[in-house]
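In case you want the letters, here they are:
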Amino acid sequence: MPRCRRPILGVAMLRLEAVNSGYGRAQVLRDLSLEVQAGEILCLLGRNGAGKTTTMQTIMGLLPLMSGRISLDGEDIGSLPAHEVPRRGIGYIPQGRRLFAGLTVAQNLEVGLMTRGSGREVLEEVLELFPRLRERMGQKAQTLSGGEQQMLATARALCLRPKALLLDEPTEGLQPSMIEAIRQVIVKLRADGVAILLVEQRVDAVLSVADRVAFIENGRNGEILSAEALRADHSIVDRYVGV
Amino acid sequence: MLATLEGSVTAAVLALTAVGLSLVFGVMRVVNIAHGEFFMLGAVIAYVLTRAISGHPAVGFAVALVVAPVLVGVLAVVADMTILKRLDYDPERTIVATIGLLYIIQQLTLMSYGPDARPVEAPFNTRLALPWFEWGENGLAMYWPWGLSTTSYKLAVIGAAVVLLCGIWAMMARTRIGLVMRATQADRDMAQAFGIPVEKVYAMVFGIGAGLAAMAAVLIVPIQQAHYLMGADPLLLSFIVVIIGGLGSLPGTVVAAILIGLSDGIISVFFSPTLAKILATLLVGLVLVFRPQGLFGTRGV
Ligand SMILES: Nc1ncnc2c1ncn2[C@@H]1O[C@H](COP(=O)(O)OP(=O)(O)OP(=O)(O)O)[C@@H](O)[C@H]1O
Ligand SMILES: [Mg+2]
């Protein structure tokens, strides 16, 4: 099994430098720095409330940046208004899916296509990955099963042909076969050179797919290790995620 | 039957006004207390324009029908960008802000336009007698002794409202702008995460909502007269309609407007307008108790 496809240049696709942010006056992230290469899966691990979702929302521009710098492919995106961030090429699959309720599957995908003006061929590619959605194009998003909703949330984000993809607990509440399907899509995207930032609670699921793992604790950086090192020494996981 | 017709005119105008209110609430989660004042402004602007434009009354009226909603819409967009946006669309603070807006608009109108109620001439106003049984055969010659008649203008108001409502529905269901508005309504943050400029959408929705109220007012002003306090009734009735129909549900709003408009017309003719209002308010109470999401609403507003 081929591991760790490194990008040729090693320039970070997505980079956070000393980011501080939070909700109103309540600061959550403190001097957080991360780097995801193109064609790499970086997994963010941490306890509940450590600031993983906050990190993703900050990248998307949904939370104000108090200080620090966020860049995508060399371009500063931290100062852009929120709706400009995805247009630069970041797909977001949020925790809890957050589909557009009241809109059909097709319309949810349409919004994804509109983000960067993707054509019909992108939709075809995406439906190729999730054939189940093709049969349900006219169905309202909120009436899909949990697994189908996760497929739609993923498909919606892929519709904008992302350079970087943020996945916040994509396997939450899914059965093993569905988790496997999502995993395969992620691996395929990595092979296509997408930079992937993955948040996941289940450590074993992470270790089988991630290239590197970054720990986050109370909004601060913990250690950043290669997945191989973690597989060899499990104790560090318990220290950060602890049971 | 006459009562039904009068009621239909009320219902038509009410539906337009309430759909504007419902759209603003649905997409922006803003309860716009100043909605009635946008209605009033539409009527006042229509008066001013028809006065200023000489020639056949239809010319001035046609101009008013286009210009008044656009002017009021632009004013609403400005109010959105200068006031509501600064409050970050906070549900409570925007209520207070729109109450303020209500008084500002009302007092400015009083200062400039004055306290009088002034009529606007209808563009056409043929008296149509209605034959009792033969619906659709409206002839001038047929005139029933008990004065069963309406005017061509009233029928035109109903027709115009139906066309406009179909237009709104088509915009929401079939166009890209409608898709963007519905996505924003469903989840503001996710809309932004998919490249939708939510603030622009909000400004547009607020403008369209106000424009609809103004349009409704222009349609009704040849029947009612323009007055600086005329916004209160449409505001109250719109709220009743929006609550009964389900907050943010367009079909519900239209059905509730027809229900309230027709019963208002019928009860007002046979009993008294006060009784009609009492019953409508009672209905709101019942709906709130037994079906808080409204007749057509979905849970989780
Ligand atoms: N809307 C909010 N307003 C204020 N504080 C918030 C808000 N959302 C989250 N927080 C706080 O920010 C901190 C980090 O939350 P965040 O959602 O990023 O955690 P997480 O790492 O994603 O946790 P989980 O694993 O449970 O999803 C928590 O202390 C939380 O209470
Ligand atoms: Mg989270």
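Structure shown above.
Residues numbered from 1 in each chain as written. Chains lettered and ligands numbered in written order. Predicted model: local features only at pLDDT ≥ 70, side-chain atom pairs only at ≥ 80, totals over all residues. Heavy atoms only, no water.

## Concerning the packing of helix 5 (residues 152-174) of chain B against helix 8 (residues 198-224) of chain B
Residues and elements named next belong to chain B.
- The N-to-C vectors of helix 5 and helix 8 enclose an angle of 170 degrees; their axes lie 10 Å apart at closest approach. What the angle tells us is that helix 5 and helix 8 run roughly antiparallel. Counting all contacts with helix 5, which are made through Tyr 153, Lys 154, Val 157, Ala 160, Leu 164, Ile 168 and Met 171, the residues of helix 8 involved are Ile 208, Leu 212, Met 215, Val 218, Leu 219, Pro 222 and Ile 223.
- Residues of the contact of helix 5 with helix 8, tallied by class, amount to 13 nonpolar, no polar and one charged. (Axes fitted to C-alpha atoms, helices over the stretch in contact; angles between N-to-C directions. Helix = DSSP H or I, 4+ residues; strand = E, 2+ residues; numbered from the N terminus. Parallel < 35°, antiparallel > 145°, perpendicular 65-115°, else oblique. Contact = heavy atoms within 4.5 Å. Nonpolar A, V, L, I, M, F, W, Y, C, P; charged D, E, K, R; others polar.)

## What about the packing of aromatic side chains?
- A full pass over the atoms with the stated rule returns five aromatic pairs over all chains.
- Centre to centre, the rings of A:Phe100 and B:Phe194 are 6.4 Å apart; their planes meet at 75 degrees, and the pair counts as edge-to-face. Of this pair, A:Phe100 sits in the loop between strand 6 (90-93) and helix 2 (105-115) while B:Phe194 sits in the loop between helix 7 (188-193) and helix 8, which puts the two residues in different chains.
- Assessed through its relative accessible area of 1%, B:Phe194 is described here as buried.
- Relative to B:Tyr153, the ring of B:Phe61 has its centre 5.9 Å away and its plane inclined at 85 degrees; by these criteria the two rings are edge-to-face. Taken as a pair, B:Phe61 in helix 3 (residues 57-84) and B:Tyr153 in helix 5 lie far apart in primary sequence, 92 residues in all. Residue B:Phe61 shares its accessibility class with B:Tyr153, and that shared class is buried.
- Over the face of the ring belonging to A:Phe100 we find A:Arg156, whose NZ or CZ atom lies 4.9 Å from the ring centre. (Phe/Tyr/Trp six-rings, centres within 6.5 Å; stacked < 30°, edge-to-face > 60°. Buried < 20%, exposed > 50% of the residue type's maximum accessible area, 1.4 Å probe, protein only. Lys NZ or Arg CZ within 6 Å of the ring centre and 35° of its normal.)

## Looking at the environment of B:Met28
- With respect to the helices and strands, B:Met28 occurs in helix 1 (residues 2-28).
- Sequence spacing of B:Met28 and B:Gly252 is 224 residues, and the spatial spacing of their C-alpha atoms is 18 Å.

## A few points about the environment of A:His234
Residue and element names in this part refer to chain A.
- Inspection of the secondary structure puts His 234 in the loop between helix 8 (227-232) and helix 9 (235-241).
- According to the relative accessible area criterion, His 234 is partly exposed, its value standing at 39%.
- Measuring from C-alpha to C-alpha, the distance between His 234 and Val 203 comes to 9.8 Å, with 31 residues separating the pair along the chain.
- Excluding anything up to four places from it in sequence, His 234 contacts Val 203 and Leu 207.

## Regarding the pairing of strand 7 (residues 164-168) of chain A
Residue and element names in this part refer to chain A.
- Of all the five residues making up strand 7, five are buried; the element is thus mostly covered by neighbouring parts of the structure.
- Of the two faces of strand 7, both are covered, the one formed by Ala 164, Leu 166 and Asp 168 as well as the one formed by Leu 165 and Leu 167.
- Across four bridges, strand 6 lies against strand 7 in parallel orientation. Across the sheet, Gly 91 pairs through a bridge with Leu 165, a residue of strand 7.
- In this region the chain leaves strand 7, passes through helix 6 (residues 176-191) and returns to the parallel neighbour strand 8 (residues 195-199); the handedness of that crossover is right-handed. (Pairing = 2+ DSSP bridges. Right-handed = clockwise from strand over helix to strand, strands pointing away.)

## Some remarks on the coordination of the magnesium ion (ligand 2)
- Around the magnesium ion (ligand 2), the donor atoms from the protein are A:Thr53 (OG1) and A:Gln95 (OE1), and they sit 1.9 to 2.2 Å away. Remark: A:Gln95 occurs in the loop between strand 6 and helix 2 and A:Thr53 occurs in helix 1 (residues 52-59); sequence separation between them is 42 residues. (Donors = N, O, S within 2.8 Å, 3.2 Å for Na, K, Ca; no water.)

## Concerning the site of ligand 1
Residues and elements named next belong to chain A.
- Around ligand 1 lies a shell of 13 residues, among which Gly 49, Lys 52, Thr 53, Thr 54 and Gln 201 are the nearest.
- Contacts to ligand 1 include Lys 52, whose side-chain N or O atom sits 2.7 Å from an oxygen atom.
- One nitrogen or oxygen atom from the side chain of Thr 53 is found 2.7 Å from an oxygen atom belonging to ligand 1.
- Per-element accounting of the shell around ligand 1 gives the leading share, three residues, to helix 1.
- Residue composition of the shell around ligand 1, grouped by class: three nonpolar, seven polar and three charged. (Near = heavy atom within 4 Å. Polar contact = N/O pair within 3.5 Å; in protein donor to acceptor, adjacent residues only side chain to side chain.)

## Thoughts on the sheet that holds strand 1 (residues 12-23) of chain A
Residues and elements named next belong to chain A.
- What the four strands build is an open sheet, ordered 2-1-4-5; its pairing is antiparallel. Each end of this open sheet is capped by a strand with a single partner; those strands are strand 2 (26-37) and strand 5 (75-76).
- The pairing of strand 1 with strand 2 spans eight bridges and is classified as antiparallel. Counterpart to Tyr 23 in the pairing with strand 2 is Ala 26.
- Where helix 1 meets the sheet, it contacts strand 1, strand 2 and strand 4 (65-72), and its direction lies at approximately 110 degrees from that of strand 1.

## A short note on the packing of helix 9 (residues 232-245) of chain B against helix 11 (residues 273-290) of chain B
Residue and element names in this part refer to chain B.
- Helix 11 packs onto helix 9 with a crossing angle of 35 degrees between their chain directions and a minimal axis gap of 9 Å. Classified by chirality, the crossing of helix 11 by helix 9 is left-handed. Across the interface between the two elements, Asp 233, Ile 240, Ile 243 and Ile 244 of helix 9 pack against Lys 277, Ala 280, Thr 281, Leu 283, Val 284, Val 287 and Leu 288 of helix 11.
- Across the contact of helix 9 with helix 11, the residue classes tally to eight nonpolar, one polar and two charged. (Left-handed = near helix turned anticlockwise from the far one by under 90°.)

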